[in-house]
Amino acid sequence: MKLQVTQENLSRALASVARTANTKSTLPILSNVLLKTVGNRLSIAATNLDIAITHHIGSKIASEGSITVPARLMQDFVTSLPSGVIDLELEDNKLHIATDKYKSTINGVSAEDFPVMPDITKGTTLNINAKVLKDAMQQVIVAASSDEARPVLTAIYMHTLEGELYFVATDSYRLAERKVMKTTDDVNLLLPANAMQDLLRIMPDDEDEVKVTYDEQQVCFRVGDVELITRMIDGEYPNYRNLIPSSFEHSATMSKSEFVNITKVSSLFARESAGSITLTTDEEKKELSITSIASQVGDNTAAATAEVTGEGSITLNSRYVLDALNVFHGSSVTLSFNGKLDASQLSDPANDDYIHIVMPLKS
């Protein structure tokens, strides 16, 4: 293998894939990245056996070949090099890396020992607008669980209902649902949230479309020069729609920025009570107030002007409320709820594509 690449392209590709390499695995080769010539491009890949990321970059290839090298060393070294052309040459499993003023040799391991996730040969393909997918994933992933005791709740549930494609996540304390697009396909996928975090990290901002191909076990996301393949989670997602109330007795619509501010201030006094804050609607004063009490420090009440329907109160976790508010894009947000023990809902009054459900705390 002998070729030339630019430092900028190789550094960017290594940044995309190297974090997937597993340095703690009992298989040492999983801490390596695979460098392989494919046509007139260089393919850089890493896997932890559940997720595989491949990044293709343009290169000037003199001779073909492949090798695996330690991911962290390769990334740190290439990132430290000045911009310009890098010469890569493989001799007896030793990768020689050279620029005008730098020369280095990294001992590699044969690519034949590198595990490759099988290609999806008979899958179904969906094309999704890249900006919409990225935005939707960011809005729901905050609600996914990290508790491996219930694997299905660590997934992003990608499914269709009545001709619409949805992304959903819940940890049983909160739930986020985003409507993505219309489709005639029947989709029912459990995507690992950690793999979707990687997808968000590697997705370039200047791409128009993501090609999603899936079969019964795996799903592949192709965007630009990057490809991510992940195994799906086995299991059946709970009937989450039972958690979404059909109507509400109380609601308050206000400026999102003001809602964030009063929640942040109140959360400071809620630290010793597991983030517990009480939100109260006042129809006469036309405001939403938030109260929090720290027995050792003091208490706090903050209020914001709102369009209010009905008078009532509900106690929620301040971190969950802030997580939800931070992924809304509109200038206003509506809080809706019924009794103190019923689920509350955050939504954008100007856009019904996204809702966020937060379960109440016992006040």
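Quantities reported herein were computed from a predicted structural model and do not represent experimental measurements. (Residues numbered from 1 in each chain as written. Predicted model: local features only at pLDDT ≥ 70, side-chain atom pairs only at ≥ 80, totals over all residues. Heavy atoms only, no water.)

Participant: A description of the overall build of the protein should follow, citing residues and the corresponding values.
Facilitator: From N to C terminus, the protein includes six helices and 26 strands. When the backbone C-alpha atoms are referred to their principal axes, the protein occupies close to 80 × 50 × 35 Å. Expressed as a percentage of the 363 residues in the protein, the buried residues total 51%. Per element, the accessible surface of the protein, about 17900 Å² overall, is 44% carbon and sulfur. (Helix = DSSP H or I, 4+ residues; strand = E, 2+ residues; numbered from the N terminus. Buried < 20%, exposed > 50% of the residue type's maximum accessible area, 1.4 Å probe, protein only. Areas by Shrake-Rupley, 256 points an atom, 1.4 Å probe, with all protein chains shown as cover.)

Participant: Quick one: what's the story with the pattern of salt bridges, residue by residue and with numbers?
Facilitator: Pairs can form between side chains of opposite charge whenever their charged atoms are close. Throughout the structure, instances matching the rule amount to 11 salt bridges. A salt bridge links Lys-134 to Asp-205, with the shortest nitrogen-to-oxygen separation between them at 2.7 Å. Here Lys-134, found in helix 3 (residues 130-141), pairs with Asp-205, found in the loop between helix 4 (193-202) and strand 15 (209-214); they are 71 residues apart in sequence, far enough to count as distant. Among the residues examined, Lys-134 registers a relative accessible area of 17% and is labelled buried. In this structure, Arg-174 engages Asp-171 in a salt bridge whose closest nitrogen and oxygen atoms are separated by 3.2 Å. What makes Arg-174 buried here is its relative accessible area of 7%. Here the salt bridges share partners, and the residues they tie into one network are Asp-171, Arg-174, Arg-319 and Asp-323. (Salt bridge = Lys/Arg side-chain N within 4 Å of Asp/Glu carboxyl O.)

Participant: Any chance you could break down the sheet that holds strand 15 for me, citing the residues and the numbers?
Facilitator: As summarised here, the arrangement of the eight strands in space is 6-2-3-4-17-16-15-10, forming an open sheet in which the pairing is antiparallel. Taken across any chain shown, the strands that pair with only one partner, and hence form the sheet edges, are strand 6 (66-70) and strand 10 (124-129). Along the sheet, successive strands turn relative to each other by an average axial angle of 20°, direction set aside. Here strand 2 (residues 32-38) runs beside strand 3 (residues 41-47); their pairing, made up of five bridges, is antiparallel. Along strand 3, the bridge assignment pairs Val-38 with Arg-41. The sheet strands contacting helix 2 (residues 71-80) are strand 2 and strand 6, and the helix crosses strand 6 at an angle near 85°. Strand contacts of helix 4: strand 4 (51-58), strand 16 (218-223) and strand 17 (226-231), with the helix running at about 175° to strand 17, the strand carrying the most contacts. (Pairing = 2+ DSSP bridges. Axes fitted to C-alpha atoms, helices over the stretch in contact; angles between N-to-C directions. Contact = heavy atoms within 4.5 Å.)

Participant: Provide a residue-level description of the nonpolar core, including the pertinent values.
Facilitator: Grouped together as the largest cluster of nonpolar side chains are 94 residues, with contacts concentrated most on Leu-10, Ile-156 and Phe-259. When near neighbours in sequence (up to four residues on either side) are disregarded, Leu-10 contacts Val-5, Leu-42, Ile-44, Ile-57, Met-74, Val-78, Ile-86 and Leu-88. Membership of the second largest hydrophobic core comes to 15 residues, among which are Leu-153, Tyr-157, Leu-175 and Ile-357. (Core = buried A, V, L, I, M, F, W, Y, C linked by side-chain atoms within 4.5 Å.)

Participant: Tell me about the environment of Val-321, and name the residues and values.
Facilitator: Here Val-321 shows up in helix 6 (residues 318-325). In the structure, Val-321 is positioned 37 residues away from Val-358 in sequence and 7.4 Å away in space, judged by C-alpha atoms. In this structure, Val-321 is in contact with Phe-259, Thr-263, Leu-316 and Leu-346, ignoring residues within four places of it in sequence.

Participant: Hey, could you go over the packing of helix 1 (residues 7-17) against helix 2 for me, with residue numbers and the actual values?
Facilitator: The interhelical angle for the contact between helix 1 and helix 2, taken along N-to-C directions, is 145°, at an axis separation of 9 Å. For the crossing formed where helix 1 meets helix 2, the hand is left-handed. Seen from helix 1, the contacting residues are Gln-7, Leu-10, Ser-11, Leu-14 and Ala-15; seen from helix 2, they are Met-74, Gln-75, Val-78 and Thr-79. Residues belonging to the contact of helix 1 with helix 2 are distributed by class as follows: five nonpolar, four polar and no charged. (Left-handed = near helix turned anticlockwise from the far one by under 90°. Nonpolar A, V, L, I, M, F, W, Y, C, P; charged D, E, K, R; others polar.)

Participant: A description of unusual backbone geometry should follow, citing residues and the corresponding values.
Facilitator: Its identity as a non-glycine residue notwithstanding, Ser-172 has a phi of 80°, on the positive side. Topologically, Ser-172 is positioned in the loop between strand 12 (164-170) and strand 13 (174-182). The phi angle at Lys-286 is positive, at roughly 55°, despite the residue not being glycine. When you line up the elements, Lys-286 lands in the loop between strand 19 (276-282) and strand 20 (287-294).

Participant: Describe the sheet that holds strand 5 (residues 60-63), listing the residues and the values that go with them.
Facilitator: Within the open sheet, the five strands sit side by side as 5-1-7-8-9. Their pairing is antiparallel. Where the open sheet ends on each side, the last strands, each with one partner, are strand 5 and strand 9 (103-107). Between one strand and the next, the sheet's axes are offset by a mean angle of 20°, whatever the strand orientation. The pairing of strand 8 (residues 94-98) with strand 9 spans five bridges and is antiparallel. From the neighbouring strand, Ile-97 faces strand 9, where its bridge partner is Ser-104. Contacts from helix 1 reach strand 1 (2-6) and strand 7 (85-91) within the one sheet, and its direction differs from that of strand 1 by about 90°.

Participant: Would you mind going over the pairing of strand 24 (residues 332-337) in detail, with residue names and values included?
Facilitator: Counting buried residues in strand 24 gives five out of six residues, a clear majority hidden from the surface. Note: strand 18 (residues 250-255) against strand 24, six bridges, orientation antiparallel. Note on strand 24: the bridge partner recorded for Ala-252 is Leu-335. Two successive antiparallel strands, strand 24 and strand 25 (residues 344-348), enclose a turn made up of six residues.

Participant: Break down the pairing of strand 13 for me, with residues and values.
Facilitator: Across seven bridges, the pairing between strand 12 and strand 13 is antiparallel. Residue pairing for strand 13: Thr-170 is matched across the bridge by Leu-175. Connecting strand 12 to the next strand, strand 13, in antiparallel fashion are three residues, including Ser-172 with a positive phi near 80°. Taken together, the five bridges between strand 13 and strand 26 (residues 351-358) define a ladder with antiparallel strand orientation. Paired with Arg-174 across the bridge in strand 26 is Val-358.

Geometry only, nothing functional implied.
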